[in-house]
Amino acid sequence: MILMMYSEKVMEHFMNPHNVGEMENPDGVGEVGNPQCGDIMRIYLRIENDVITDAKFMTFGCGAAIASSSMATDLIKGKTLEEAWEVTNKAVAEALEGLPPVKMHCSVLAEEGIHKAINDYREKQGFEPLKEKTDA
Amino acid sequence: MILMMYSEKVMEHFMNPHNVGEMENPDGVGEVGNPQCGDIMRIYLRIENDVITDAKFMTFGCGAAIASSSMATDLIKGKTLEEAWEVTNKAVAEALEGLPPVKMHCSVLAEEGIHKAINDYREKQGFEPLKEKTDA
Amino acid sequence: MNTNKDDTGNIIYLDHAATTFTDPKVLETMMPYFTENFGNPSSPYDMANVSKEAVDSARQQVATAINADTDEIYFTGGGTESDNWAIKGIAFANRKKGNHIITSSIEHHAVLHTCQWLEKQGFEVTYLPVDKYGQVRTEDVKKAIRDDTILISVMLANNEIGTIQPIPQIGRIAREKNIYFHTDAVQGIGQVPVDVEALNVDLLSLSSHKFYGPKGVGALYIKKGTRLDNHSHGGAQEKKKRAGTENVPGIVGMGAAIEQATSQLEEHAAHMKKLRAQLVEGLLLIPATHLAGHPEKRLPNNVNVIFEYIEGESILLMLNSYSIAASTGSACTSASLEPSHVLIACGFPHEVAHGSLRLTLGKENTEEDVDYLLQTLEPIIRRLRAMSPMTPKEQRE
Amino acid sequence: MNTNKDDTGNIIYLDHAATTFTDPKVLETMMPYFTENFGNPSSPYDMANVSKEAVDSARQQVATAINADTDEIYFTGGGTESDNWAIKGIAFANRKKGNHIITSSIEHHAVLHTCQWLEKQGFEVTYLPVDKYGQVRTEDVKKAIRDDTILISVMLANNEIGTIQPIPQIGRIAREKNIYFHTDAVQGIGQVPVDVEALNVDLLSLSSHKFYGPKGVGALYIKKGTRLDNHSHGGAQEKKKRAGTENVPGIVGMGAAIEQATSQLEEHAAHMKKLRAQLVEGLLLIPATHLAGHPEKRLPNNVNVIFEYIEGESILLMLNSYSIAASTGSACTSASLEPSHVLIACGFPHEVAHGSLRLTLGKENTEEDVDYLLQTLEPIIRRLRAMSPMTPKEQRE
Ligand SMILES: Cc1ncc(COP(=O)(O)O)c(C=O)c1O
Ligand SMILES: Cc1ncc(COP(=O)(O)O)c(C=O)c1O
């Protein structure tokens, strides 16, 4: 039943996800989720001059998790880190033309994965990690 | 549903009951049943030399009550009082080719009606009434 | 229509309160869901989605028909299950608030026996009396309310005598006192307008086979925010409130049937009232005959008459032999020998109540059907009265 | 057979444990009871008698199929209602004797959630563990029995992993201790012989739509002399034990379906086992793949495999795009994110249990269907594993 509530956009990104794969020597990596709950998302970033020049992902999870990973990595490519930090789960879900309510957590995972990867990069550079907004 | 459990014999006697009607100056009358429960049976006897020469009935009640009245009066006509006393509810039900279990009380009413009419006659003649068998 | 005839000839079916035939148009909507679109609505693939959408659209049809929101409609296995669920569900979920329930003495057994079972579980139940027309008095409702009253359940229209209850008024009383209010509307759908807002109800029971839908499917309207336990526990169907694989063809049929019934409500009711008037007029020409139920506030298709001095089952038997299907409130057909609790509650003496005949009209009935019934019935009553020791001499011929 | 295809093309339906299509021959037997012989079986006229006889003959068919007496079969609205009735009915009627119930941790939710609700009403429930194949150990049953145990409920065969339980043995234990024994046989009918005498059960649940009968109808076998309360209170239907106007077409269909299913049992099971062997063999060629459930003591039509490193819903989505209908024990499809309680009870770690795929065969499936599934599935598993961060490097290509 849930399956059938997926938009065409979700199905498109699920069936032919963009940016799949591991990245050699990434500038930032973030892994979020919990295999017990059925989803893990790993986001890799290539960063040059504070701009995300490439993003990749590896995801264990349902259709929405895979589609969210694909869409989120698409959305942040070419963005500055500041801009990428502002890509919310809502933005991911909207770009996917909506997610079923019980699947919204997949878009949250994507947002968290991006944040974690950006902070991984910041820490490697010797910066303070940015804080999650409390209403995230 | 009950209706449909009636044998053809019951239906025959219900649709065209024998011996219906009041009797002028009967030698014995017995009325049994209770209008609250939905059935009253009145049995009239014409008796000559201890033989039932005629029997009639008036009944308020269901199909089984009417059919039992018809069959019971048929059965006792021509019998001696002694023989008629022995016409059990089972005999009535059997002659009707069976009654549904919840309708067996109608045949019991018929037996009781006959007994009551016979005793009415006996009392008018100055005899002791006969006792119902306890397992009736 | 040929649907009120059986193999043995032309049956005049006058027992629509017992059940109706499934309308052929309704049946047609159901057919694809048996062999083709048979998927389980909960299953995660396109094929099953067809079933899910069919159930959702039936839910919309039911909601529209009774002016509810789509997510306030829950499908069940029939009117009995809906009644059981509403009453036990409220009782168990609100036990901490109180354990007193108010209902009427003329409810369907699906309500009465459920209440009696709850009494065995420690609940207290007040059974309200009715007036001679079978109406509950709102004054009696007010008086029966206690601090620990958690539920009032009064039916919309009675299945035996057709009397329509003052539901909006009782609902207002319940709402003022913050007490849940359930109505069994099983007999009302398709006969009178049913609008959950106008009726002020929190729960409302429906049964598909009373309005030309299939048997074995019903629904319960549950107003948003109502606290009630499940009746059937299990899978997550019906938003986790009613477990069990959905009866998809049945639900689809119920949706189509209620849509048809409500869209044709006015013309149907007019047709029923016309036949009813003809029927009542003819019946009351028979001496010692009484109309049971309310003279006006009654279902348009219901006639219930009582013939003194005779017993209902024998009337039915004879009507049956003339291919007429009807019903009686006499329970000489059951082991209990108790006549209808409804007629007794209306004040008819037992021996009189045994002579009841219920005739409930349907959309396929005609003036000719009514004429045939009247012609057939009159000599039957005469014959049975002629055999009855209760009939006064002057009425024997 | 065309019944496993939908409008969009040729669907390979491999989810028969979820539901089956209504067999066209079965549907044919139902048709006269919608519009022609539509009478209410309780009604007192010839027309309705046709309905009554149809229900009685279906009851006979069900009784014969499970070696019961006709008057031990009660029709319900489905497997869920049967389970609810059996468990709550025994619980409430025997409360004075005790308030302890024993069941297993791998029961269907219709049993588990019912037991959980009873816990809220003050009953105590022991949920028995299972071994890695999903089997209850009779030793554990013995140990769990207390003086106040009134009911044991263990399913005949599990709906997810197909494991068949030692019901005759558990039944013997229950009988020795004078404890009522219920089994949910919903998945067993038509797959394995079901004989209430051999099984030593007092109550047994059935659901029509699992063996090519219609949805929304089931039955409960109740051994004579069993004390249980009603679940649906109301009218006098089903010998006063299950109220509600009978779903006559549904009941007729269930009767025809069970007769067909049991008469074809052996050849059907042989066909299923052959396809199952082909399926399991092919599936286990895929690396890091495990068969869940018992290797032999399982339903002939059930295959449940777990693919490590990936999640079930995504497998289903991809299969769906190749027109294959299947099921998963992963509840990533639900809000809870909990994988199947059955697989967890068998000892699979959460992250592994998420990768389950259930394939349940049906009579219309062919070797070609299995070939197509295997050909389609292998690359899907490869693709998903290639995306998964959990997949070990060496298994990524
Ligand atoms: C083992 C088992 N028990 C009970 C049920 C419930 O049956 P139904 O959905 O027909 O109510 C099912 C199927 O869903 C089942 O597989
Ligand atoms: C007023 C009323 N309530 C409840 C019911 C029960 O409905 P069902 O027989 O569909 O379960 C009926 C009909 O039998 C009824 O007339």
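Residues numbered from 1 in each chain as written. Chains lettered and ligands numbered in written order. Predicted model: local features only at pLDDT ≥ 70, side-chain atom pairs only at ≥ 80, totals over all residues. Heavy atoms only, no water.

Under an unreviewed UniProt entry, the name given to chain C is Cysteine desulfurase IscS, and the organism recorded is Methanohalophilus euhalobius. What the UniProt record of chain C gives under Sequence similarities (unreviewed entry) is the line "Belongs to the class-V pyridoxal-phosphate-dependent aminotransferase family. NifS/IscS subfamily." UniProt, in its Cofactor (unreviewed entry) section for chain C, records the words "pyridoxal 5'-phosphate". (UniProt positions renumbered as here; feature names shortened; annotations may be inferred.)

In the nomenclature of an unreviewed UniProt entry, chain A corresponds to Modular FeS cluster scaffolding protein NifU from the organism Methanohalophilus euhalobius.

**Examining the relation of the copies chain C and chain D**
Structural alignment of chain C on chain D gives an RMSD of 0.0 Å, achieved by rotating through 180° and translating 0.0 Å along the axis. Read as a symmetry element, the transformation amounts to a two-fold axis. Judged by C-alpha distance, Gly77(C) is the residue of chain C that lies nearest the rotation axis, at 2.8 Å. (Least-squares fit on C-alpha atoms with pLDDT ≥ 70 in both.)

**Side note on the site of ligand 1**
Near ligand 1 you find 14 residues, and of these Thr245(C), Thr80(D), Asp184(D), Ser207(D) and Lys210(D) are the closest. The environment around ligand 1 is built from residues contributed by chains C and D. A distance of 2.6 Å separates an oxygen atom of ligand 1 from a polar atom in the side chain of Thr80(D). The element that contributes the greatest number of residues to the shell around ligand 1 is helix H4 (residues 79-93) of chain D, accounting for three residues. In the shell around ligand 1, the residues fall into two nonpolar, nine polar and three charged. (Near = heavy atom within 4 Å. Polar contact = N/O pair within 3.5 Å; in protein donor to acceptor, adjacent residues only side chain to side chain. Helix = DSSP H or I, 4+ residues; strand = E, 2+ residues; numbered from the N terminus. Nonpolar A, V, L, I, M, F, W, Y, C, P; charged D, E, K, R; others polar.)

**A short note on the packing of helix H12 (residues 312-321) of chain C against helix H15 (residues 367-387) of chain C**
A pair of packed helices is characterised by two quantities: the angle between their axes and the separation of those axes. Residue and element names in this part refer to chain C. One way to put it is that H12 packs onto H15 with a least axis distance of 10 Å and a crossing angle of 135°. When the axis of H12 is compared with that of H15, the two are oblique. Crossing of H12 against H15: the hand is right-handed. Across the interface between the two elements, Ser 314, Ile 315, Met 318 and Leu 319 from H12 touch Leu 373, Thr 376, Leu 377, Ile 380, Ile 381, Arg 383 and Leu 384 from H15. Here the residues of the contact of H12 with H15 are counted per class, giving eight nonpolar, two polar and one charged. (Axes fitted to C-alpha atoms, helices over the stretch in contact; angles between N-to-C directions. Parallel < 35°, antiparallel > 145°, perpendicular 65-115°, else oblique. Left-handed = near helix turned anticlockwise from the far one by under 90°. Contact = heavy atoms within 4.5 Å.)

**Some details on the UniProt feature "domain: NIF system FeS cluster assembly NifU N-terminal" (unreviewed entry) in chain A**
Mapped onto the present numbering, the UniProt feature "domain: NIF system FeS cluster assembly NifU N-terminal" (unreviewed entry) falls on residues 5-125 of chain A. Between the end C-alpha atoms of residues 5-125 of chain A the distance is 42 Å, and the span holds 45% helix and 22% strand.

**A short note on the interface of chain C and chain D**
With 62 residues of chain C in contact, the opposing surface of chain D contributes 62 residues. Of all residues in chain C, Phe38(C), Lys215(C) and His233(C) bury the most surface against chain D, accounting for 14% of the area lost on that side. Those elements giving two or more residues to the side of chain C that touches chain D turn out to be helix H1 (24-30), helix H2 (32-35), helix H3 (46-66), helix H4 (79-93), helix H5 (109-120) and H12 of chain C. Residue contributions to the side of chain C that touches chain D peak at six residues, all from H5(C). Of the residues contributing to the side of chain C that touches chain D, the split by class is 22 nonpolar, 27 polar and 13 charged. (Buried area = accessible area lost by both parts, 1.4 Å probe.)

**Describing the domain arrangement of chain C**
All names here are of chain C. By the assigned domains, chain C splits into domain 1 (12-16 + 265-389) and domain 2 (24-263). A C-alpha centroid distance of 28 Å is found between domain 1 and domain 2. Listed per partner, the contact involves 27 residues of domain 1 and 30 residues of domain 2. Carbon and sulfur atoms supply 55% of the area buried between domain 1 and domain 2, which totals about 2300 Å² over both sides. The largest contributions to the domain 1 side of the interface with domain 2 come from Leu 265, Leu 299 and His 341, which together make up 30% of the buried area. Remark: the boundary between domain 1 and domain 2 carries zero salt bridges. Across the domain 1-domain 2 interface, the total number found is 14 residue pairs in polar contact (both at pLDDT 80 or more). At the level of secondary structure, the elements contributing two or more residues to the side of domain 1 that touches domain 2 comprise helix H11 (265-283), strand E10 (302-307) and helix H13 (341-345). (Domains from an automatic or database assignment. Salt bridge = Lys/Arg side-chain N within 4 Å of Asp/Glu carboxyl O.)

**Regarding the sheet that holds strand E12 (residues 356-360) of chain D**
Residues and elements named next belong to chain D. Judged by pairing direction, the sheet is antiparallel, and its three strands sit side by side in the order E9-E10-E12 without closing on themselves. On the outer flanks of this sheet lie strand E9 (289-291) and E12, each paired with one strand and no other. Each neighbouring strand pair of the sheet contributes to a mean axis angle of 25°, computed without reference to strand direction. Across five bridges, strand E10 (residues 302-307) lies against E12 in antiparallel orientation. Paired with Ile 306 across the strands is Ser 356, a residue of E12. In this fold helix H11 (residues 265-283) packs onto E9, E10 and E12, with an angle of close to 5° to the strand it touches most, E10. (Pairing = 2+ DSSP bridges.)

**Quick notes on the nonpolar core**
Counting residues in hydrophobic clusters, the biggest one holds 128 residues, and the most contacted among them are Ile66(C), Ile152(C), Leu204(C), Ile66(D), Ile152(D) and Leu204(D). In contact with Ile66(D), not counting residues within four places along its chain, are Ile73(D), Ile189(D), Val194(D), Asp195(D), Val196(D), Leu204(D), Leu206(D) and Tyr221(D). (Core = buried A, V, L, I, M, F, W, Y, C linked by side-chain atoms within 4.5 Å. Buried < 20%, exposed > 50% of the residue type's maximum accessible area, 1.4 Å probe, protein only.)

**So, the sheet that holds strand E3 (residues 100-104) of chain C**
Residues and elements named next belong to chain C. The sheet built from seven strands is open, its strands ordered E2-E8-E7-E6-E5-E3-E4 with mixed pairing. Each edge of the sheet is formed by a strand with only one pairing partner; in this case those strands are strand E2 (73-76) and strand E4 (124-128). Each adjacent strand pair in this sheet contributes to an overall mean axis angle of 20°, direction not counted. This element, H3, spans E2, strand E7 (203-207) and strand E8 (218-222) of the sheet and lies at about 115° to E2. Strand contacts of helix H7 (residues 167-176): strand E5 (149-153) and strand E6 (180-184), with the helix running at about 160° to E6, the strand carrying the most contacts.

**Some details on the site of ligand 2**
Near ligand 2 you find 14 residues, and of these Thr80(C), Asp184(C), Ser207(C), Lys210(C) and Thr245(D) are the closest. In this structure, ligand 2 sits where chains C and D come together, each supplying nearby residues. Between His108(C) and ligand 2, the recorded distance is 3.4 Å, taken from a side-chain N or O atom to an oxygen atom. In this structure, His209(C) approaches ligand 2 through a side-chain N or O atom, which is 2.9 Å from an oxygen atom. By residue class, the composition of the shell around ligand 2 is two nonpolar, nine polar and three charged.

**Here's the deal with unusual backbone geometry**
We note that Asn49(B) has phi near 50°; this positive angle belongs to a residue other than glycine. When you line up the elements, Asn49(B) lands in the loop between strand E2 (39-48) and strand E3 (51-60). Under the relative-accessibility criterion, Asn49(B) is labelled exposed at 75%. Located in the positive-phi region is Tyr212(D), a residue other than glycine, with phi close to 70°. Relative to the assigned elements, Tyr212(D) resides in the loop between strand E7 (203-207) and strand E8 (218-222). Of the residues examined, Tyr212(D) reaches a relative accessible area of 7% and is grouped as buried.

**Section: the pairing of E12(D)**
The buried fraction of E12(D) amounts to five of the five residues, a majority that puts the element mostly inside the structure. Where burial is concerned, the two faces of E12(D) agree: the one with Ser356(D), Arg358(D) and Thr360(D) and the one with Leu357(D) and Leu359(D) are both buried.

**Considering the packing of aromatic side chains**
Under the counting rule described, the total for this entry stands at 17 aromatic pairs over all chains. When the ring of Tyr13(C) is compared with that of Phe38(D), the centres are 4.7 Å apart and the planes differ by 75°; the resulting orientation is edge-to-face. Separated into two different chains, Tyr13(C) in strand E1 (residues 12-13) and Phe38(D) in the loop between helix H2 (32-35) and helix H3 (46-66) make up a pair that spans both. Owing to a relative accessible area of 0%, Phe38(D) belongs among the buried residues under this scheme. (Phe/Tyr/Trp six-rings, centres within 6.5 Å; stacked < 30°, edge-to-face > 60°.)

**What about the environment of Gly89(C)?**
If you trace the backbone, Gly89(C) turns up in helix H4. Note on Gly89(C): relative accessible area 2%, which makes it buried.

**Looking at helix H5 (residues 109-120) of chain D**
Every α-helix winds through 3.6 residues per turn, so residues three or four apart in the chain are directed the same way. The first and last C-alpha atoms of H5(D) sit 16 Å apart over twelve residues, in line with the 16 Å expected at 1.5 Å per residue. Buried within H5(D) we find Ala110(D), Val111(D), Leu112(D), Thr114(D), Cys115(D), Trp117(D) and Leu118(D). (Expected span 1.5 Å × (residues − 1).)

**Overview of the packing of H4(C) against H5(C)**
Residues and elements named next belong to chain C. Where H4 meets H5, the closest approach of the two axes is 9 Å, and the angle between their N-to-C directions is 30°. Our classification of the angle between H4 and H5 gives roughly parallel. Taken as a pair, H4 and H5 cross one another with a handedness that is right-handed. Mapping the contact onto sequence places Thr 80, Asp 83, Asn 84, Ile 87, Lys 88, Ala 91 and Phe 92 in H4 and Ala 110, Val 111, Thr 114, Cys 115, Trp 117 and Leu 118 in H5. Residue composition of the contact of H4 with H5, grouped by class: eight nonpolar, three polar and two charged.

**Brief notes about the arrangement of the chains**
For this structure, the chain pair with the highest number of contacts among five pairs of chains in contact is chains C and D. You won't find any contact between chain A and chain B; their C-alpha atoms come no closer than 44 Å.

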